[in-house]
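The primary structure of each chain is shown beneath.
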Amino acid sequence: MTPALAVHDLRLLIGGAAVVDGVGFAVAPGEVMALVGESGCGKSLTAHAIMRLLPDAVRQDRGYVALDGDNLSVLSERQMRLVRGRRMSMIFQEPQAALDPLSTVGAQVAEGTGSPLRQARAAVLAMLDEVGIADPARRIDQYPFELSGGMCQRVMIASALIARPAVLIADEPTTALDVTIQAQILDLLRRLAIERGTAIVLITHDMGVVADIADRVAVMYAGRIAETGDTAAIFARPRHPYTALLLAALPRRTDVPRSRLAVIEGRVPAPSEFPTGCRFAGRCPLADARCRAETPLLREVARGHLSACWHAEAVR
Amino acid sequence: MSGAPALRVTDLAVHYPARNGPPVRAVDGISFALEAHETLGLVGESGCGKSTVARAIVGLQTVTHGSVMVDGTEIVGAGRAALRAARAGMQMVFQDPVTSLNPRMTVGAAVGEPLLVRGLARGAALRERVALLLTECGLRPEDAARYPHQFSGGQRQRIVIARALALRPALLVCDEPVSALDVSVRAQILNLLVDLQRAHGMACLFVSHDLAVVRHVCDRVAVMYLGHLAELAPRDALFSAPRHPYTRALLAAVPEPDPVAQRAKPRVPLVGEIPSPARMPSGCRFHTRCPMAQPVCRETEPAWREVGASMVACHFPNE
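These remarks concern the structure in this document. Source: prediction; values computed, not measured.

With that settled, the discussion passes to the overall build of chain A. Counting its secondary structure elements, chain A contains 12 helices and 12 strands. Referenced to the eigenvectors of the C-alpha coordinate spread, the extents of chain A come out at roughly 65 × 50 × 35 Å. Scored against the burial criterion, the 316 residues of chain A give a buried share of 55%. Accessible surface for chain A amounts to roughly 13200 Å². Of this, 53% is attributable to carbon and sulfur atoms. Once the 35 positive and 34 negative side-chain charges of chain A are each reduced to a mean point, those two points are 2 Å apart.

Rendered as structure tokens:
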């Protein structure tokens, strides 16, 4: 089966530094794929590259994105505009900032249909109802400032999905929301993936969100995928030292309170200082001479589970 | 002062006047006490009033009524001199270490400033104290000569903590101290806070929206909803036997970083949104979202009462 979305060997440069390097993955219809990592790992740039919405300072010099088998890199900007919002949509972290403050909820959601609100009103009302907005007949004529953050996020999801795109890119969609509202939005995304078969790429820094909703996950570090596979497998037995440490650094319900949390020594190198070889080597307890000299490529270490580590078998 | 708790908050209220209509009751009559050596977590969602409580305690917020006693000294209505004296015993750490530090001041000057302005140390003695504080917070003595922008977010939060500890406060108020930090850095700062409290035994009020972090560092936890305390309980009681339906919903909503446990969890999503504190619901303020609400909950505000080891404001707590 053709994946809904496939990213091939993506490389993004800022100046001379490859801030995203060799990133590739595929997402099937109805599947939720999480890109997880800490600030600066390249997860959000990857999302913007998929939409072809990169800032001017970032240049893509390698790789391509295929939507349902169609290579998007050959499309003109005009053709790409017909793809965005119709076949592939994106939602953002700050729903209030992403919505137009001067336009009503209904007008913004109707935009995705290509028809004015007068004609699309019934479809917009149905969509608002589907994303769980109570009293859509009243909300449709309100402005974003009259809505809470959680409700604005529902409006953004409604406007992203009204044209029934095959792919939804969700960039930290719940980071600005409270936990009880986050739980509602995650339930909504899960339901949309199952019921509509939307393929979702979820960008997040929160391992709890990944555990809740992702079918598969790619853990990113310093612009590269460190490890990728089924969510259950990666949490049960991480095969990259970075993932293992990241998971051990989280306080958990089952821990002894005030016990020592694992720390990752040092800090993420700046793009201008990316080392040759493995970019995690400088902070890695398993690193040896080979790690500092040769870049480890992703390789299969268990069925469907890939790790970019020379010592994947030794990770505890 | 002996005998007095490190912090006693009694019937604290902060109301903001509204242009039209009744005042916004951001904090609406809450009481708790904090002993020396103890860490109390204050949790709740945005707008519940938890940060306002923190600011009121350190005297950065005008209080409508109620009392805040820090180490036996009243903060509410205290004059400048009294407040200045009391502030030596309490310090605050904020969420954003970038805006908490003066970009034009060296790290050494920032950390040493509390000692200098209070005339406690100067010259070589001051430099020595600063070096000690930096070392204690995981930085190097040489870092005193550098500027905040030369440090990462986690290191800047270490600088802020070093400055807060300079006067050896009896009370440390931390408002979301690790919320702006990445996971791996957050673990470093949490380890540091745990170590420092072990070493110095100050009381700590830890304001956070992150329940996993609160469970990790706190002895007791207070849960706020719309300006009121819903529940206050020892850590283990709160996490293993939450008595207030809001506490239960909050705990259920936090996604666990464990796919097996997380997906097996019963889903009890709270419906609806937090009401505006300008239009406070009648009776129990949680009744509009409560899955257990009865007619009495709409009419009568529940009393703050003891149930087992916990204090709870609910007509139908889990007993």
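Attention shifts here to the interface of chain A and chain B. Contact residues are listed per partner, giving 46 residues for chain A and 46 residues for chain B. With both sides pooled, the region where chain A packs onto chain B buries about 3800 Å², and carbon together with sulfur makes up 49% of that total. Here chain A is connected to chain B by 3 salt bridges. With its nearest N and O atoms 3.1 Å apart, the salt bridge here joins A:R258 to B:D219. Put simply, chain A and chain B have 23 residue pairs in polar contact (both at pLDDT 80 or more) between them. For the side of chain A that touches chain B, the secondary-structure elements that each account for two or more residues are α7 (149–161), α8 (179–196), α9 (207–213) and α10 (231–236) of chain A. Considering each element in turn, the side of chain A that touches chain B owes the most residues, 8 residues, to α8(A).

This brings us to the sheet that holds strand β7 (residues 167–171) of chain A. Residue and element names in this part refer to chain A. Spatially, β6-β7-β8-β3-β9-β10-β12-β11 is the arrangement adopted by the 8 strands of the open sheet, whose pairing is mixed. Unpaired on one side and paired on the other, β6 (88–91) and β11 (299–302) mark the two borders of the sheet. Averaged over all pairs of adjacent strands, the angle between their axes in this sheet comes to 20°, without regard to strand direction. Bridge count between β6 and β7: 4 bridges; the pairing is parallel. Bridge pairing in β7 links M88 to V167. Its contacts with the sheet place α7 against β6 and β7, and it is angled at close to 170° to β6.

With that out of the way, let us pick up helix α3 (residues 107–117) of chain B. Residues spaced three or four apart along an α-helix face the same direction, because each turn holds 3.6 residues. Along α3(B), the residues classified as buried are B:V107, B:G108, B:A110, B:V111, B:G112, B:P114 and B:L115. Tucked into the core, α3(B) has its buried residues touching α4 (123–136) and α5 (153–165) of chain B.

Our next topic: unusual backbone geometry. If you check the backbone angles, A:A222 has positive phi at about 50° while not being a glycine. When you line up the elements, A:A222 lands in the loop between β9 (216–221) and β10 (224–230). A:A222 gets classed as buried once you look at its relative accessible area, which sits at 1%. Here B:H37, not a glycine, exhibits a phi torsion of approximately 70°, which is positive. Accessibility expressed as a relative area gives 57% for B:H37, which makes it exposed.

This part takes up the pairing of β10(A). Residues and elements named next belong to chain A. Among the 7 residues in β10, 6 count as buried, and that is most of the element. As defined by bridge partners, β9 adjoins β10 across 6 bridges and the pair is classed as antiparallel. When the sheet's bridge partners are listed, A218 is paired in β10 with T228. The loop that links β9 with its antiparallel partner β10 comprises 2 residues; one of these, A222, has a positive phi angle of about 50°. Where β10 and strand β12 (residues 305–307) come together, 2 bridges link them in antiparallel fashion. Counterpart to E227 in the pairing with β12 is S307.

The next point concerns the sheet that holds strand β1 (residues 7–16) of chain B. Residue and element names in this part refer to chain B. Within the open sheet, the 4 strands sit side by side as β2-β1-β4-β5. Their pairing is antiparallel. The open sheet has two edge strands with one neighbour each: β2 (24–34) and β5 (73–74). With 2 bridges connecting them, strand β4 (residues 65–70) and β5 associate as antiparallel partners. Note that in β5 the partner of M69 across the bridge is E74. Contacts from helix α1 (residues 50–57) reach β1, β2 and β4, with the element oriented near 115° to β1.

A word on the pattern of salt bridges. Any two side chains of opposite charge can pair, so long as their charged atoms come close to each other. Per the stated rule, a full pass over the model turns up 31 salt bridges over all chains. Between A:R290 and A:E294 there is a salt bridge, with the nearest N and O atoms lying 3.8 Å from each other. Residues B:D28 and B:R285 are paired through a salt bridge, measuring 2.8 Å at the closest nitrogen-oxygen approach. With B:D28 in strand β2 and B:R285 in the loop between α10 (259–264) and α11 (295–299), this residue pair connects regions lying 257 residues apart in the sequence. The buried category is assigned to B:D28, whose relative accessible area is 13%. Residue class for B:R285 comes out buried when judged on its relative accessible area of 7%. Residues joined in a network through salt bridges with shared partners are A:D9, A:D21, A:R62, A:R224 and A:R279.

In this structure, A:V124, A:I157, B:I161 and B:F206 are the most contacted members of the largest nonpolar core, which totals 129 residues. Among the elements that take part in this core, α8(A) stands out by supplying 9 residues, more than any other. Those residues in contact with A:V124 that lie beyond four places of it in its chain are A:G106, A:V109, A:A110, A:L117, A:I140 and A:I162. Core analysis: the second largest hydrophobic core is formed by 34 residues, B:V58, B:V63, B:A86 and B:L232 among them.

Conventions used here
- Residues numbered from 1 in each chain as written.
- Chains lettered and ligands numbered in written order.
- Predicted model: local features only at pLDDT ≥ 70, side-chain atom pairs only at ≥ 80, totals over all residues.
- Heavy atoms only, no water.
- Helix = DSSP H or I, 4+ residues; strand = E, 2+ residues; numbered from the N terminus.
- Buried < 20%, exposed > 50% of the residue type's maximum accessible area, 1.4 Å probe, protein only.
- Areas by Shrake-Rupley, 256 points an atom, 1.4 Å probe, with all protein chains shown as cover.
- Lys, Arg positive; Asp, Glu negative; His and termini not counted.
- Charge placed at Lys NZ, Arg CZ, Asp CG, Glu CD.
- Contact = heavy atoms within 4.5 Å.
- Buried area = accessible area lost by both parts, 1.4 Å probe.
- Salt bridge = Lys/Arg side-chain N within 4 Å of Asp/Glu carboxyl O.
- Polar contact = N/O pair within 3.5 Å; in protein donor to acceptor, adjacent residues only side chain to side chain.
- Pairing = 2+ DSSP bridges.
- Axes fitted to C-alpha atoms, helices over the stretch in contact; angles between N-to-C directions.
- Core = buried A, V, L, I, M, F, W, Y, C linked by side-chain atoms within 4.5 Å.

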